[in-house]
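Per-entry structural report
Letter by letter, the chains look like this.
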Amino acid sequence: DTEVTQTPKHLVMGMTNKKSLKCEQHMGHRAMYWYKQKAKKPPELMFVYSYEKLSINESVPSRFSPECPNSSLLNLHLHALQPEDSALYLCASSQVLRRTGGPTDTQYFGPGTRLTVL
Amino acid sequence: GENVEQHPSTLSVQEGDSAVIKCTYSDSASNYFPWYKQELGKRPQLIIDIRSNVGEKKDQRIAVTLNKTAKHFSLHITETQPEDSAVYFCAASRGFQKLVFGTGTRLLVSP
């Protein structure tokens, strides 16, 4: 299995809702990522998990809460979002070439969840 | 932190022509440079990557060149086809699983 899967494909939520995005990979990768992509812009890194521990948080607002329950799963919990948070949320995974401070390996992206906040 | 500039923002070519997209990075410690292709509504897909110990890499119609001294790298697509039409993103990383993307190039290949 060489795919990263994401659910749901589309999500519409109000500003007071709580929802979660889910990502799964079965490639044995030990790094998983959340990116945010606005229309006609590049992906922007939000979070990196390495060996199920949060290693990078790019100063993301606390209304986004990541969780890595095991090496195959990555969740993004959403609460009290704003309309400007509407975007494509991409998950990615990669090998970890060295446990600390190693070079970056190829990142494989999931199809994304298109989020609309009303 | 790392900053990656990408040019041109839009590139139109005729089928069969070559296309070249250029990126410049700021962090001399960057050592990994992937290129992604993203079709409308789809996920970014890796098409080729290069590490700093290599100057050039080729895969069929696609090649990437890296000039570490000048801190720039380029994507070359030969014999372009309409299915090459997409947005192409370069990226750079100095490690720690952190990629910084360029702003993207919209490539349009006309039949």
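For the structure, see preceding data.
Our subject in this report is the structure included herewith. Treat the numbers as computed from the prediction; the structure is a model and nothing was measured.

**Thoughts on the pairing of strand β1 (residues 4–7) of chain B**
Residue and element names in this part refer to chain B.
- Of the two faces of β1, only the one carrying Val4 and Gln6 is buried; Glu5 and His7 on the other face are not.
- Across 4 bridges, β1 lies against strand β3 (residues 19–25) in antiparallel orientation. Of the residues in β3, the one forming a bridge with Glu5 is Thr24.

**With respect to the state of the cysteines**
Residues and elements named next belong to chain B.
- In this structure the tally under the stated criterion is 2 disulfides over all chains.
- Through a disulfide, Cys23 is tied to Cys90; the S-S separation comes to 2.0 Å. A torsion of -100° about the S-S bond marks the disulfide between Cys23 and Cys90 as left-handed. Taken together, the positions of Cys23 in strand β3 and Cys90 in strand β9 (residues 86–92) put the pair 67 residues apart, joining distant regions of the chain. With respect to class, Cys23 is no different from Cys90; both count as buried.

**Some thoughts on unusual backbone geometry**
Residues and elements named next belong to chain A.
- With an omega of -10°, the peptide bond between Thr7 and Pro8 qualifies as cis.
- With respect to the secondary-structure elements, Pro8 resides in the loop between β1 (4–7) and β2 (10–13).
- Look at Lys40: it is not a glycine, yet its phi comes out positive at around 65°.
- Residue placement: Lys40 occurs in the loop between β4 (31–37) and β5 (44–50).
- A residue is classified by how much of its surface remains accessible, and Lys40, at 74% relative accessible area, is exposed.
- Non-glycine residue Tyr51 carries a positive phi angle of around 50°.
- Assignment of secondary structure puts Tyr51 in the loop between β5 and β6 (53–57).

Parameters at a glance
- Residues numbered from 1 in each chain as written.
- Chains lettered and ligands numbered in written order.
- Predicted model: local features only at pLDDT ≥ 70, side-chain atom pairs only at ≥ 80, totals over all residues.
- Heavy atoms only, no water.
- Buried < 20%, exposed > 50% of the residue type's maximum accessible area, 1.4 Å probe, protein only.
- Helix = DSSP H or I, 4+ residues; strand = E, 2+ residues; numbered from the N terminus.
- Pairing = 2+ DSSP bridges.
- Disulfide = S-S within 2.5 Å.

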